[in-house]
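Below, each chain spelled out in residue letters.
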2 protein chains.
Amino acid sequence: MDNLKKKYQHHLSLESASREYGPFQMLGRIQSDSDIKMLSFAGGEPNPSKFPIHKLSVSFPEVNSWEKDTNKDATVSYELSNNANEGSLDLLGALQYGQCQGIPELVKFIKDHVGQIHMPQYKDWDIKITNGNTIGLEYCLRLLVNRGDCILIEKYTYPAAITAMRPLGVKFIPIDMDENGMLPESFEKVMETWDSSLGARPHVLYTIPTGQNPTGSTLTLERRKKFLTLAKKYDIIIVEDEPYYFLQMEKYDANWKPDKQAFNISSFKKKLIPSLLHLDTDGRVLRVDSFSKLIVPGLRLGWITGNSLFIDRITRYAEVCTESPSGVSQVVLYAILNRWGQNGFLEWLQDLQNSYTMRRNALLLAADKHLPKSVCKYHSPKAGLFLWVELDKNRLICSNMDKSISEIEMEIFVELVNNGVKPVCGQLFMGEPNSADKIFFRFAYSLADLSTFEAGLERFTSTIQKYFQL
Amino acid sequence: MDNLKKKYQHHLSLESASREYGPFQMLGRIQSDSDIKMLSFAGGEPNPSKFPIHKLSVSFPEVNSWEKDTNKDATVSYELSNNANEGSLDLLGALQYGQCQGIPELVKFIKDHVGQIHMPQYKDWDIKITNGNTIGLEYCLRLLVNRGDCILIEKYTYPAAITAMRPLGVKFIPIDMDENGMLPESFEKVMETWDSSLGARPHVLYTIPTGQNPTGSTLTLERRKKFLTLAKKYDIIIVEDEPYYFLQMEKYDANWKPDKQAFNISSFKKKLIPSLLHLDTDGRVLRVDSFSKLIVPGLRLGWITGNSLFIDRITRYAEVCTESPSGVSQVVLYAILNRWGQNGFLEWLQDLQNSYTMRRNALLLAADKHLPKSVCKYHSPKAGLFLWVELDKNRLICSNMDKSISEIEMEIFVELVNNGVKPVCGQLFMGEPNSADKIFFRFAYSLADLSTFEAGLERFTSTIQKYFQL
């Protein structure tokens, strides 16, 4: 920890640097020397004899019965009065205070998962269970950012991240991107030609490396390595937001069918692009993970992985913020993961990948068929839920040329909605929407009815006709 | 809202004043003029066909079977594939994104409850469901407080509140208290003799009016009214933190037995002391409520009630912070509350009151029997979970007089732990522990084994002997 402090203490925000554990932790360290049985009147927890939740049950598919009927679901129940619940989970403990660190069995499962998938290459890493990625990012911001700081973001990024950052008084420094994610040279240029009138040089980079929202791009392995080298060189902390990491897909092939062969763990793992967390050798990556896309959003559960200095500071904050994620959510998630096991969980993720691959392929097929090549440019996403379509501004019909790019884009968007098709316009993903210099639309293929993909893109094409020379 | 803005906009923190809704809200307002069926590719929500949680069940006591055996518990189940779930709850909706406002049926239940119990006397009030009171307070702080602000707190208060406030760079201005809560004259003196070298005069008062933690005091009705008048006079926002509000109790009577008569709602309501929220006529009270003491802490559910300007700003923050409380928790809580109904819920609270009254009485009986009257001073709490015992510093044995009060208190605490009894020492409840001028210990009667109450207080008395002239 001393080493970490020396290395990273200066990255802590004013707020985070002054965070202390609550006084009860301090009190807890005062122990009796004798072996007298302690009569404690310290804790103000409510009395569990008056907990009205006596039993919780959850039904879910067994491993490898993903496609089968729900009558064969497993049902796992936990009882308040039972000390021998499945996976030895203590329901009373889960319903009481004091779970800020998370239910120990669930935390162990997640830590084992991280060890298996990301194999962090430094010693002092830890995890903190969270109420999902939204607060995961909030924790990272409160940890690292002071009012007036500049923060590096991808040129197009997750709108809720922008909405979260702006009121904290940060200034956005966008990094240029292509279909393979952020450009290292854009990052280097920002750092080397830093305009000090903007304030101190940024020390935080926020990125969604895999299946990026909204661009669908995935940072290549080569660039991942390059960014870690640059992070070290310029003393940058990377916040790696990875809700789509496990939604990686095979290369697009219109004739693709899911592999019905027995699930192979090592080939599943080998196909995953190494995470920034894995490539990080000295604890500069704070990785934010979520169960929202992997199980369900309504659990509001996720976790952060990082060096133990940062995780400790985040935990101090969590104790006076959320206190802990829902114990009920944790019990339900644990019931499922414990029954599935590490391998069963990965097998479930493989099934998810197949499901979204099928959806991506259907949208790409429709796009290839219906979007006019002369105006629309897009790449096959290698992960995630989004197709990012650029409309060539050089082919705009001249009558539109007196407006700004973002005005034109918004006008097209309104017209699309009027014609019954609704993607999201690119400027919503920018820190400074008015600075848009290209026209983009994001199509999510996760939720829409597959049968509407063709009609949707047809409507798109027929709407943009009046704006572009096709 | 315009009226509220005029009145309260200046109370918003820098951060809160600049909070906007996310861009998706804005997009949502762009609608088609035609009645064409919209083909939406906007939302990146995961596909519910891949939600592995197929069914959730919870077992809990039926109304008025609180004392009976768990074999007669009600079990309520919600199924993903069932559109006719009990109370017409939509499990799929609860497991998906987009529940930041809370599950509509649960929010309605809570709003009805607030209307029934607190009957706010102004029009523009609203509630925001939260992940419990810890984050409830955090929301209020982020809403109202800038770095460098001074904040009014009770002289002794909830330690986690202090731990939450300190890193935000606030300065604590304590208000003196007695067994009936804060002293209005202490508040007035602070405001009238404000030392401007400390910064601007405080505009926020944080209080736990009922069954206060740690003092067990309950602010009298007269003082409640006085504080609201003063709040108006000095333009103060009151944050009313009320986890113990429903744990109000009959006057202490060693022979008390719970009333086995049929539950009477109107007499239950009439016995509750009017809340600050109820007495507030113009929206200056932000009331923070929690289900932790009423159902279980592990649900991590609560709510904030206040004027709709404040609730709207808190909601904007929640959307990029927790997003929503756990949908799974909300489903479980709704299952119980919907089955119980408003009256059944109050009947449950009556049973809770009885249970804690019995515990309070047992501790008071033991205290009357074992604590030396010459040194120990305490009052019977009218609510909550805590007995607050003062040790008369004027009777300290002289050899201790070269130490500060907080040093002496801590020394006694360490000795108590060594002798196998553990209350909490008073200084832990102070913004500035070193400024302690009296010696206090807090005894929680909520969790300890009833059979240890006498032995605990005996150990206490035998330990303090060497410090005091009994």
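Residues numbered from 1 in each chain as written. Chains lettered and ligands numbered in written order. Predicted model: local features only at pLDDT ≥ 70, side-chain atom pairs only at ≥ 80, totals over all residues. Heavy atoms only, no water.

A. Geometry of the overall build of chain A. Along its length, chain A carries 15 helices and 17 strands. For 470 residues, the compact-globule estimate of 2.2 N^0.38 gives 23 Å, and chain A sits close to it at 24 Å. Expressed along its principal axes, the backbone C-alpha trace of chain A runs to roughly 90 × 60 × 40 Å. Considering only contacts in chain A between residues 6 or more positions apart, those separated by 24 or more positions represent 75%. Counting every atom, chain A has about 17500 Å² of accessible surface; 49% of that belongs to carbon and sulfur. Mean positive and mean negative side-chain charge positions of chain A (54 and 56 charges, respectively) differ by 2 Å. (Helix = DSSP H or I, 4+ residues; strand = E, 2+ residues; numbered from the N terminus. Rg over C-alpha atoms; globule rule 2.2 N^0.38 Å. Contact = heavy atoms within 4.5 Å. Areas by Shrake-Rupley, 256 points an atom, 1.4 Å probe, with all protein chains shown as cover. Lys, Arg positive; Asp, Glu negative; His and termini not counted. Charge placed at Lys NZ, Arg CZ, Asp CG, Glu CD.)

B. Broad picture of the interface of chain B and chain A. On the chain A side, the residues contacting the 118 residues of chain B number 118 residues. For the chain B and chain A pair, buried surface summed over both sides reaches about 9700 Å², with 63% attributable to carbon and sulfur atoms. Sorting the residues of chain B by area buried against chain A places Phe41(B), Lys50(B) and Lys422(B) first, and these three jointly supply 9% of that buried surface. Between the two partners, chain B and chain A, sit six salt bridges. In this assembly, chain B and chain A are joined by 53 residue pairs in polar contact (both at pLDDT 80 or more). For the side of chain B that touches chain A, the element with the most residues is helix H13 (residues 327-370) of chain B, which contributes 13 residues. For the side of chain B that touches chain A, the residue count by class is 63 nonpolar, 32 polar and 23 charged. Relative to strand S15 (residues 421-422) of chain B, strand S1 (residues 39-40) of chain A runs parallel, the two being bridged by two bridges. Across the sheet, Leu39(A) pairs through a bridge with Val421(B), a residue of S15(B). (Buried area = accessible area lost by both parts, 1.4 Å probe. Salt bridge = Lys/Arg side-chain N within 4 Å of Asp/Glu carboxyl O. Polar contact = N/O pair within 3.5 Å; in protein donor to acceptor, adjacent residues only side chain to side chain. Nonpolar A, V, L, I, M, F, W, Y, C, P; charged D, E, K, R; others polar. Pairing = 2+ DSSP bridges.)

C. Seen up close, the pairing of strand S3 (residues 74-79) of chain A. All names here are of chain A. Along S3, the buried face is formed by Ala74, Val76 and Tyr78; none of Thr75, Ser77 and Glu79, which line the opposite face, is buried. As defined by bridge partners, strand S2 (residues 55-60) adjoins S3 across six bridges and the pair is classed as antiparallel. Bridging from a neighbouring strand, Ser57 pairs with Ser77 of S3. (Buried < 20%, exposed > 50% of the residue type's maximum accessible area, 1.4 Å probe, protein only.)

D. Representation of the pattern of salt bridges. Residue and element names in this part refer to chain A. The final tally for this structure, using the stated rule, is 46 salt bridges over all chains. When the shortest N-O distance is used, the salt bridge between Arg142 and Glu138 registers 2.8 Å. Placement of both Arg142 and Glu138 in helix H6 (residues 133-144) is noted, with a separation of four residues, approximately one turn of the helix. Here the two residues Arg142 and Glu138 agree in accessibility, since each one is buried. The partner of Lys369 in a salt bridge is Glu454, and the shortest N-O contact between them spans 3.2 Å. Taken together, the residues span a long stretch of sequence, with Lys369 in helix H13 (residues 327-370) and Glu454 in helix H15 (residues 453-464) at a distance of 85 residues. We classify Lys369 as exposed; its relative accessible area is 58%. Put simply, Lys7, Lys232, Asp235, Asp282 and Arg284 are held in one network by salt bridges that share partners.

E. Just the environment of Met1(A), in detail. Residues and elements named next belong to chain A. Within the secondary structure layout, Met1 lies in the segment before helix H1 (2-8). Since its relative accessible area comes to 41%, Met1 is described here as partly exposed. C-alpha separation for the pair Met1 and His118, spaced 117 residues apart in sequence, amounts to 21 Å. Not counting residues within four places of it along the chain, the set of residues in contact with Met1 comprises Asp124, Ser308, Leu309 and Asp312.

F. Structural context of the pairing of strand S11 (residues 285-290) of chain B. Residue and element names in this part refer to chain B. Taking burial as the measure, the six residues of S11 include six buried ones, the bulk of the element. Residues of S11 alternate between two faces, with Val285, Arg287 and Asp289 on one and Leu286, Val288 and Ser290 on the opposite face, all of them buried. Of the pairings in the sheet, the one linking S11 to strand S12 (residues 302-307) comprises four bridges and is antiparallel in character. The residue bridging Ser290 from the neighbouring strand is Gly302, located in S12.

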